[in-house]
Structures are given as structure tokens and as C-alpha cells.
Amino acid sequence: MKIVLFGPPGSGKGTYASRIAPIYKIPHISTGDIFRGHLAQKTELGKKIEDVMKSGNLVPDDLTMDVVKDRLSQADCKNGFILDGFPRTIPQAEMFDKMEKVDVIVNLVVPDEIIIKRLSSRLSCKECKTIFNTLTLKPKIEGKCDKCGGELFLRDDDKPEQIKNRLEVYRRQTMPLVDYYRKKGISYDVTCDRIDIPPEEIVAKILKVLESLK
Ligand code: ADP
Ligand code: ZN
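Caption draft 1: The arrangement of the sheet that holds strand 1 (residues 2-6) in detail. A sheet is described by the order of its strands in space; here five strands give the open sequence 2-3-1-4-8, paired in parallel fashion. Of all strands in the sheet, those with a lone pairing partner are strand 2 (28-30) and strand 8 (187-191), marking the two edges. Each strand of the sheet is rotated relative to its neighbour by a mean of 25°, with strand direction disregarded. Helix 2 (residues 31-41) rests against strand 2 and strand 3 (81-84) of the sheet, and its axis sits at about 60° to strand 2. Strands strand 1, strand 4 (104-109) and strand 8 of the sheet are contacted by helix 9 (residues 199-212), whose axis makes an angle of about 160° with strand 8.

Here it is, written out as C-alpha cells:
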């Protein structure tokens, strides 16, 4: 199954995608994680995108498409994938349409207050990228990853100014995609309107949508 998990920053795309991927035995592909990998490795691409990423703006479409094409051409994608954070602009979606036929878009609907609370309390593992949250998904030991013991950190773009900017960018550049996919008839909304809903509950809702399409 070819799945796109869609939603504002902090809607939980990464958390849910990482739980759904093993169930369907498909890779979880996060363009944000791929780009952060380039930053950490200080690759050529990493140097180019450092400033945009830190400010919470989008990486240019051509660079994004290169990364996605490369990733989707790998062998593990042949039975499908779950995309998290891509496509994020109309041009990306149009180019993507020419490459792949997506089965379903799951659109996470989350109010702004929840997003802001979540993002400012989100921590990520430096090593394995697992996401924690000091309000709702606390690590067992403060500052350490439950899975691998790695150090937890607050992303540069999870600081208040950057969060505000990311929400603006989302509204301006990414929201129009909701309509784009709705018109195609392959978009399904999943609502999360309380901060304390356990991730399992949302994952169950998403799985219900996916199962209904089989
Ligand atoms: P979030 O959804 O929480 O904002 P992501 O990890 O998906 O976080 O993205 C982090 C950053 O990576 C974005 O703010 C942007 O700079 C860059 N990025 C990720 N995916 C894309 C994309 N498809 N197009 C352009 N930039 C992207
Ligand atoms: Zn870890």
C-alpha cells in the first residue's frame, strides 16, 4: 500500500507512521528525517538546506524531489511505503503524481493549540529519531531514549518563533494540498482534538481507514 500521512507540524505524523510501517511491512519515509540526516552528516545538500530548515521554511522543491526519487527507487519500497512530510507543496504533489499512484492520504486534523503545546514539549532521540513528549509521551528516564538510551534533544525548529513560522508555512504552502487530494477522492480525515489521546488510539483510527480500503 502506498500511503501519505498528511497533517500540520506536530500533528504526530512521525509517531504514527513509525508505528504503522511495521504492521504493513513497508518503510516509513520522512523527508524531515532524511534532511536532518544530511545536516548531521554535513553533506553538500546538508550545507545548502541548513538555514531554511533552522528557520522552519521549506527546502526547495527540486532538492526535495531529488531526495524522494532517490529514496523511492530503493528496493524496500517495491511493496509500498508510508510517506511523512511529503508532498508539502502543490508542485511537489504534481511531480509526485507523475511518479507514483498513491492509494490513500490520511489527513490528520489537529487544532492549533494542541500543535503548539506538542511541539514545544517534543523531544527527539539523537540516535534512533524516536519521538518523545514531556507532556504526553514521557521517556522512562529523563533525557534518555527508552529504545536505545540515546540523548534526547529539542529540535532547532521546535522553538517558539520557528514553530509560529512553520504553522504559517503550513497554512500557506501545504494546506492547499488537502483540497488537491480531496478532489481526487483519496483523502480521509482522522481527527485528534485532545492532547491526551494516547497515540495507540489515533493509530487504531488510521488502521481502520486503511483496512476499509483493502
Ligand atoms: P514537521 O512536520 O514537524 O514540521 P518535518 O520533520 O516533517 O517536521 O520537517 C522538518 C523540516 O524539514 C521542514 O520544516 C522543512 O524545512 C523540511 N522539509 C521536510 N519535508 C519537506 C518537504 N517535503 N518539502 C520541503 N521541505 C521539507
Ligand atoms: Zn533512541
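Caption draft 2: The arrangement of the site of ligand 1 in detail. Neighbouring residues of ligand 1: 20 residues in total, closest Lys 13, Thr 31, Arg 36, Asn 57 and Gln 92. Arg 36 places a polar side-chain atom, nitrogen or oxygen, 2.9 Å from an oxygen atom of ligand 1. When isolated, ligand 1 has an accessible area of 540 Å², and the protein chains bury 98% of it. In terms of residue count, the dominant contributor to the shell around ligand 1 is helix 2 (four residues). Tallied by class, the residues present in the shell around ligand 1 amount to six nonpolar, seven polar and seven charged.

Caption draft 3: Summary view of the environment of Leu 63. Mapped onto the elements, Leu 63 comes out in helix 4 (residues 61-72). Taking the C-alpha atoms as reference, Leu 63 lies 20 Å from Cys 77; in sequence the two are 14 residues apart. Sequence-distant contacts of Leu 63, defined by excluding residues within four places in its chain, comprise Leu 45, Lys 48 and Ile 49.

Caption draft 4: Summary view of the side chain of Thr 174. As for its placement among the helices and strands, Thr 174 is situated in helix 7 (residues 160-174). Only 2.8 Å separates the side chain of Thr 174 from the backbone oxygen of Arg 88, close enough to count as a polar contact. In contact with Thr 174, not counting residues within four places along its chain, are Phe 6, Arg 88 and Val 169.

Caption draft 5: Here's a closer look at the coordination of the zinc ion (ligand 2). Those protein atoms acting as donors to the zinc ion (ligand 2) are Cys 125 (SG), Cys 128 (SG), Cys 145 (SG) and Cys 148 (SG), and they sit at 2.3 Å. Of note is the zinc ion (ligand 2), whose four donor atoms meet at the metal with angles of 100 to 116° in an arrangement that counts as tetrahedral. For Cys 148, a relative accessible area of 40% puts it in the partly exposed group.

Caption draft 6: Broad picture of the packing of aromatic side chains. Summed over all chains, the structure comprises three aromatic pairs. A ring pair is formed by Phe 86 and Phe 96, whose centres lie 5.1 Å apart and whose planes are at 80°; its orientation type is edge-to-face. Separated by ten residues along the polypeptide, Phe 86 in the loop between strand 3 and helix 5 (90-99) and Phe 96 in helix 5 bring together distant segments of the chain. Assigned by exposure class, Phe 86 and Phe 96 land together as buried. Residues Tyr 180 and Tyr 181 carry aromatic rings whose centres are separated by 5.1 Å and whose planes lie at 85° to one another, so their mutual orientation is edge-to-face. Judged by its relative accessible area of 17%, Tyr 180 falls in the buried class.

Caption draft 7: Up close: the sheet that holds strand 6 (residues 131-133). A sheet is described by the order of its strands in space; here three strands give the open sequence 6-5-7, paired in antiparallel fashion. The outermost strands of the open sheet, each flanked by one partner alone, are strand 6 and strand 7 (152-153). In terms of strand pairing, strand 5 (residues 122-125) meets strand 7 through two bridges, oriented antiparallel. Across the sheet, residue Cys 125 finds its bridge partner in strand 7, namely Leu 152.

Caption draft 8: Structural view of the nonpolar core. Core analysis: the largest hydrophobic core is formed by 27 residues, its most contacted members being Ile 20, Leu 108, Ile 206 and Leu 210. Elements supplying a minimum of two residues to this core: strand 1, helix 1 (13-24), strand 4, helix 6 (112-120), helix 7 and helix 9. Ile 206 has contacts with Leu 5, Tyr 16, Ile 20, Val 106, Leu 108 and Val 190, leaving out every residue within four places of it along the chain. Tyr 170, Tyr 180, Tyr 181 and Ile 186 belong to the second largest nonpolar core, which has 20 residues in total.

Cut-offs applied
- Residues numbered from 1 in each chain as written.
- Chains lettered and ligands numbered in written order.
- Predicted model: local features only at pLDDT ≥ 70, side-chain atom pairs only at ≥ 80, totals over all residues.
- Heavy atoms only, no water.
- Pairing = 2+ DSSP bridges.
- Helix = DSSP H or I, 4+ residues; strand = E, 2+ residues; numbered from the N terminus.
- Axes fitted to C-alpha atoms, helices over the stretch in contact; angles between N-to-C directions.
- Contact = heavy atoms within 4.5 Å.
- Near = heavy atom within 4 Å.
- Polar contact = N/O pair within 3.5 Å; in protein donor to acceptor, adjacent residues only side chain to side chain.
- Areas by Shrake-Rupley, 256 points an atom, 1.4 Å probe, with all protein chains shown as cover.
- Nonpolar A, V, L, I, M, F, W, Y, C, P; charged D, E, K, R; others polar.
- Donors = N, O, S within 2.8 Å, 3.2 Å for Na, K, Ca; no water.
- Tetrahedral: all angles 85-135°; square planar, octahedral: opposite > 155°, others 65-115°.
- Buried < 20%, exposed > 50% of the residue type's maximum accessible area, 1.4 Å probe, protein only.
- Phe/Tyr/Trp six-rings, centres within 6.5 Å; stacked < 30°, edge-to-face > 60°.
- Core = buried A, V, L, I, M, F, W, Y, C linked by side-chain atoms within 4.5 Å.

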